[in-house]
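Survey of secondary and tertiary structure
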Amino acid sequence: MLLDDEPKRLAQIALVVLIIVGCIAVLLPFVGALLFALVIWVCTWESYRERVLPRLRGRDTVGAALMVVLLVLILLVPTIFLAGALASGADHLIDLIKPYVDQGLPTEAPAWFAEVPLFGQRMIDFWHEVASSREALNTLLAQGVAPARQFLIAAGGVVANGLLQLALVLFVVFFLYRDGEVVAAALYGGARKLGGELGAGLVDKARGTVFGVMLGIVGTAAAQGSVAMLGFFVAGAPAPVLLGFATFFLSMIPVGPPLVWGGAALWLYSDGQTGWAIFMALYGLLIISSIDNVVKPLLMARGAGLSVLIVALGVFGGVLVFGFIGIFLGPVLLALGQLLLTRWLREEPTS
């Protein structure tokens, strides 16, 4: 039988659970943007509080607005220039392909087809088949129209969603900067209520891990961009500085840098510079892309104070489970789990 106060207590618990579930349901569509805004705030809060706020005499609203403007300049301005470069490259690609569409393919296949192992003869035969029949060329082009259209539609959706999420990130991060002291006190206060000093330690560990992961991402991007820019200068690729910045920003995604150095290699080949095209492809594969596999785990592990194994498993597993934001969530979760396990193993059994 229930005691007199138990129905009231159960109703209170049910009400709290319903409120929590409701809040999660409302915020769930924006969880990625909210977490990314929190990541930016965590990585920059200490510098902002110690260097920016004192110069503004503690005017937190002005400081928050200034930080948002700075983020807009850092994120949007290079993106606009990159979009212009991609549009220019698309025009160049269209000019390159248009003569083949209008006049058909040359009867002779490229000489380097014969050097391709296993598939070289098949490529030559397919080239001759398409080059000797206008109908076959039209069929091949028609087969590529639908996938290209679907890709462009999907890419447009991704860009639109990305801009919306970015706007939400900037909106949220403004309030995090403005009310940073309150947010920090709430995080540490809630952690101490739940776990005492261990809870506060978990918050510190999470903050250090997030900072280490961000250091690894930005540091790796800077290394890849610098090395790529050098390679573009040596190979004679067009706009090497712009391509270097494109490599820096696209290194945030796994397949980003190959899109840049691969495009540069194709441009060099189409310009008749076969040797430099081969150099660019090998340089991108062996030098530019390999930096991501070596430098990033080391920087993340050093910045977060974790082993390379924990960081690597956290990053790859986090991306597979949570998407892009998993780059931060994965290492943080494993770091917290490692801290809890270490604390539990150190505790002496009571007898």
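Notes on the structure follow. (Residues numbered from 1 in each chain as written. Predicted model: local features only at pLDDT ≥ 70, side-chain atom pairs only at ≥ 80, totals over all residues. Heavy atoms only, no water.)

**Let's talk about the overall build of the chain**
Each helix and strand counted, the chain has 11 helices and 0 strands in total. Shown N-terminal to C-terminal, the secondary structure of the chain runs as helices and strands in the order α-α-α-α-α-α-α-α-α-α-α. Here the chain holds 351 residues, and 27% of them are scored as buried. A separation threshold of at least 6 residues defines the contact pool for the chain, and within that pool the share at least 24 residues apart is 64%. Surface exposure of the chain reaches about 22200 Å², of which carbon and sulfur atoms provide 72%. (Helix = DSSP H or I, 4+ residues; strand = E, 2+ residues; numbered from the N terminus. Buried < 20%, exposed > 50% of the residue type's maximum accessible area, 1.4 Å probe, protein only. Contact = heavy atoms within 4.5 Å. Areas by Shrake-Rupley, 256 points an atom, 1.4 Å probe, with all protein chains shown as cover.)

**Here we look at the packing of helix α7 (residues 240-250) against helix α8 (residues 256-270)**
A packed helix pair is summarised by two numbers, namely the angle formed by the two axes and the spacing between the axes. Interhelical geometry of α7 versus α8 gives an angle of 155° and a closest axis separation of 7 Å. With respect to their mutual orientation, α7 and α8 come out roughly antiparallel. Both α7 and α8 take part in a crossing whose hand is right-handed. When α7 is examined against α8, the residues Leu 243, Ala 246, Thr 247 and Leu 250 are found in contact with a partner set consisting of Gly 256, Pro 257, Val 260 and Ala 264. When its residues are assigned to classes, the contact of α7 with α8 shows 6 nonpolar, 2 polar and no charged. (Axes fitted to C-alpha atoms, helices over the stretch in contact; angles between N-to-C directions. Parallel < 35°, antiparallel > 145°, perpendicular 65-115°, else oblique. Left-handed = near helix turned anticlockwise from the far one by under 90°. Nonpolar A, V, L, I, M, F, W, Y, C, P; charged D, E, K, R; others polar.)

**Quick notes on the packing of helix α6 (residues 180-235) against α8**
Orientation of α6 relative to α8, taken along the N-to-C sense of each, is 0°, at an axis distance of 12 Å. Considering their axes alone, α6 and α8 lie roughly parallel with respect to each other. Here Gln 224, Phe 232 and Ala 235 of α6 come into contact with α8, specifically with Pro 257, Val 260, Trp 261, Ala 264 and Leu 268. Of the residues assigned to the contact of α6 with α8, the class counts are 7 nonpolar, 1 polar and no charged.

**Describing the nonpolar core**
One finds Trp 41, Val 173, Tyr 177, Val 210, Met 300 and Phe 328 to be the most contacted residues of the largest nonpolar core, which totals 36 residues. Broken down by secondary-structure element, the contributors of at least two residues to this core are α2 (31-55), α3 (60-103), α5 (134-178), α6, α9 (274-304), α10 (308-322) and α11 (326-346). At 10 residues, the largest contribution of residues to this core is made by α2. Excluding anything up to four places from it in sequence, Val 173 contacts Ala 37, Ile 40, Trp 41, Val 68 and Leu 71. Counting residues in each nonpolar core, the second largest holds 14 residues, with Ala 235, Ala 237, Ala 246 and Trp 261 among its members. (Core = buried A, V, L, I, M, F, W, Y, C linked by side-chain atoms within 4.5 Å.)

**With respect to the pattern of salt bridges**
Opposite charge on two side chains permits pairing when their charged atoms draw close. One pass over the full model with this rule turns up 3 salt bridges. Here Glu 46 and Arg 49 are joined by a salt bridge, their closest N and O atoms 2.9 Å apart. With Glu 46 and Arg 49 both in helix α2 and 3 residues apart, the pair spans about one turn of that helix. Asp 179 is the partner of Arg 178 in a salt bridge, and the nearest nitrogen-oxygen pair spans 3.2 Å. Arg 178 gets classed as partly exposed once you look at its relative accessible area, which sits at 31%. A single network of salt bridges, built from pairs that share partners, joins Glu 46, Arg 49 and Glu 181. (Salt bridge = Lys/Arg side-chain N within 4 Å of Asp/Glu carboxyl O.)

**Points about the packing of aromatic side chains**
Tallied over the full model, the rule gives 7 aromatic pairs. Pairing Trp 45 with Tyr 48 gives two aromatic rings, centres 5.6 Å apart and planes at 40°, and the pair type is tilted. A residue pair is termed a helical-turn pair when its members lie 3 or 4 positions apart in one helix, as Trp 45 and Tyr 48 do in helix α2 at 3 residues. In this structure, Trp 45 and Tyr 48 share a single accessibility class: buried. Their ring planes at 70° and their centres at 5.1 Å tell us that Phe 171 and Phe 175 sit as a pair that is edge-to-face. Linking Phe 171 with Phe 175, this pair stays in helix α5, spanning 4 residues, or about one helical turn. An aromatic cluster of at least three residues, connected via ring pairs, comprises Trp 41, Trp 45, Tyr 48 and Tyr 177. (Phe/Tyr/Trp six-rings, centres within 6.5 Å; stacked < 30°, edge-to-face > 60°.)

**Examining the side chain of Thr 247**
Here Thr 247 is to be found in helix α7. Classification of Thr 247 by relative accessible area gives buried; the value is 1%. Leave out the neighbours within four places in its chain, and Thr 247 touches Gln 224, Gly 225, Ala 228, Phe 232, Pro 257, Val 260 and Ile 288.

**Points about a nonpolar patch on the surface**
On the surface, a nonpolar cluster with roughly 450 Å² of combined accessible area is contributed by Val 16, Ile 20, Ile 24, Leu 28 and Val 31. Among the elements that make up the nonpolar patch, the one with the highest residue count is helix α1 (residues 6-27) (3 residues). Tracing the backbone shows Leu 28 in the loop between α1 and α2. (Patch = residues over 30% accessible without salt bridge, like charges linked within 9 Å, V, L, I, M, F, W, Y side chains within 5 Å.)

**Here we look at the side chain of Thr 220**
Looking at the element boundaries, Thr 220 is found in helix α6. Classification of Thr 220 as buried rests on a relative accessible area of 1%. When sequence neighbours within four positions are dropped, the list of residues in contact with Thr 220 reads Leu 215, Ile 291, Asp 292, Val 295, Lys 296 and Leu 299.

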